[in-house]
Amino acid sequence: QVQLVESGGGLVQAGGSLRLSCVVSGSFISINSMGWYRRAPGKQRELVAITVTGGNTHYEDDVRGRFSITRDDGRNTVSLQMNNLKPEDSAVYYCNADVTIQGTYGKTTFTSWGPGTQVTVSS
């Protein structure tokens, strides 16, 4: 099995910063993409930031310039540095990875999710 574990969530005042980290463990051939999603109460889960092979990054418009995603392939980790946090950033943040594994009849890919970490930004 493949497991993702997030850390770094918490309570912070508006304008503050938090750094989220995610570690991918288990049996896999490669990690193709890694990213962060979030879900706020009453809303659907949305993409926050993602990295793909080659170093390309993509950000949700509202966080661009404030958040920064980094990937460490040697440690199988991805981090999200969140600066100048706003109350509307409050959500459960989920780590995501697209993973290639060796299946019974060949290679296959699937998306894995972490359990989430709560980020709360107070006014």
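One structure accompanies this document, and this report is about it. (Residues numbered from 1 in each chain as written. Predicted model: local features only at pLDDT ≥ 70, side-chain atom pairs only at ≥ 80, totals over all residues. Heavy atoms only, no water.)

**With respect to the overall build of the protein chain**
Okay, so step 1: When helices and strands are counted, the protein chain shows 0 helices and 11 strands.
Okay, so step 2: Across the protein chain, helices and strands are ordered from the amino to the carboxyl terminus as β-β-β-β-β-β-β-β-β-β-β.
Okay, so step 3: Since a compact globule built from 123 residues should have a radius of gyration of about 14 Å, the 15 Å found for the protein chain is in line with a globular shape.
Okay, so step 4: Summarising its shape, the C-alpha atoms of the protein chain cover approximately 55 × 30 × 25 Å along the three principal directions. (Helix = DSSP H or I, 4+ residues; strand = E, 2+ residues; numbered from the N terminus. Rg over C-alpha atoms; globule rule 2.2 N^0.38 Å.)

**A short note on the side chain of Ser79**
Okay, so step 1: Position of Ser79 relative to the elements: it lies in strand E8 (residues 77-82).
Okay, so step 2: A distance of 3.4 Å separates the side chain of Ser79 from the side chain of Ser21, its partner in a polar contact.
Okay, so step 3: For Ser79, the residues in contact, after removing those within four places along its chain, are Arg19, Leu20, Ser21, Trp36, Ser68, Ile69 and Thr70. (Polar contact = N/O pair within 3.5 Å; in protein donor to acceptor, adjacent residues only side chain to side chain. Contact = heavy atoms within 4.5 Å.)

**Describing the pattern of salt bridges**
Okay, so step 1: In total, this model carries 8 salt bridges according to the counting rule given.
Okay, so step 2: Linking Glu60 and Arg38 is a salt bridge whose minimum nitrogen-to-oxygen distance equals 3.7 Å. Separated by 22 residues along the polypeptide, Glu60 in the loop between strand E6 (57-59) and strand E7 (67-72) and Arg38 in strand E4 (residues 30-39) bring together distant segments of the chain.
Okay, so step 3: Its relative accessible area of 6% is what places Arg38 among the buried residues.
Okay, so step 4: Salt bridges here are not isolated pairs; linked through shared partners, they connect Arg38, Glu46, Glu60, Asp62, Arg66 and Asp89. (Salt bridge = Lys/Arg side-chain N within 4 Å of Asp/Glu carboxyl O. Buried < 20%, exposed > 50% of the residue type's maximum accessible area, 1.4 Å probe, protein only.)

**Quick word on unusual backbone geometry**
Okay, so step 1: A positive phi angle, close to 55 degrees, is found at Asn76, a residue other than glycine.
Okay, so step 2: As for its position among the elements, Asn76 is in the loop between E7 and E8.
Okay, so step 3: Note on Asn76: relative accessible area 25%, which makes it partly exposed.

**Some details on the state of the cysteines**
Covalently bonding the sulfur atom of one cysteine to the sulfur atom of another cysteine gives a disulfide.
Okay, so step 1: Counted according to the given criterion, the structure contains 1 disulfide.
Okay, so step 2: With its sulfur 2.1 Å from that of its partner, Cys22 forms a disulfide with Cys95. Here Cys22 and Cys95 share a disulfide; its torsion about the S-S bond, -85 degrees, makes the bridge left-handed. Of this pair, Cys22 sits in strand E3 (residues 18-26) while Cys95 is found in strand E9 (residues 91-103), placing the two residues 73 residues apart along the sequence. No difference in accessibility class separates Cys22 from Cys95, as the two residues are buried. (Disulfide = S-S within 2.5 Å.)

**Focus: the sheet that holds E8**
Okay, so step 1: As summarised here, the arrangement of the 4 strands in space is E1-E3-E8-E7, forming an open sheet in which the pairing is antiparallel. Unpaired on one side and paired on the other, strand E1 (2-7) and E7 mark the two borders of the sheet. Ignoring which end each strand starts from, the neighbouring axes of this sheet average 15 degrees apart.
Okay, so step 2: In terms of strand pairing, E1 meets E3 through 6 bridges, oriented antiparallel. Looking at the pairing, Leu4 lines up with Val24 of E3. (Pairing = 2+ DSSP bridges. Axes fitted to C-alpha atoms, helices over the stretch in contact; angles between N-to-C directions.)

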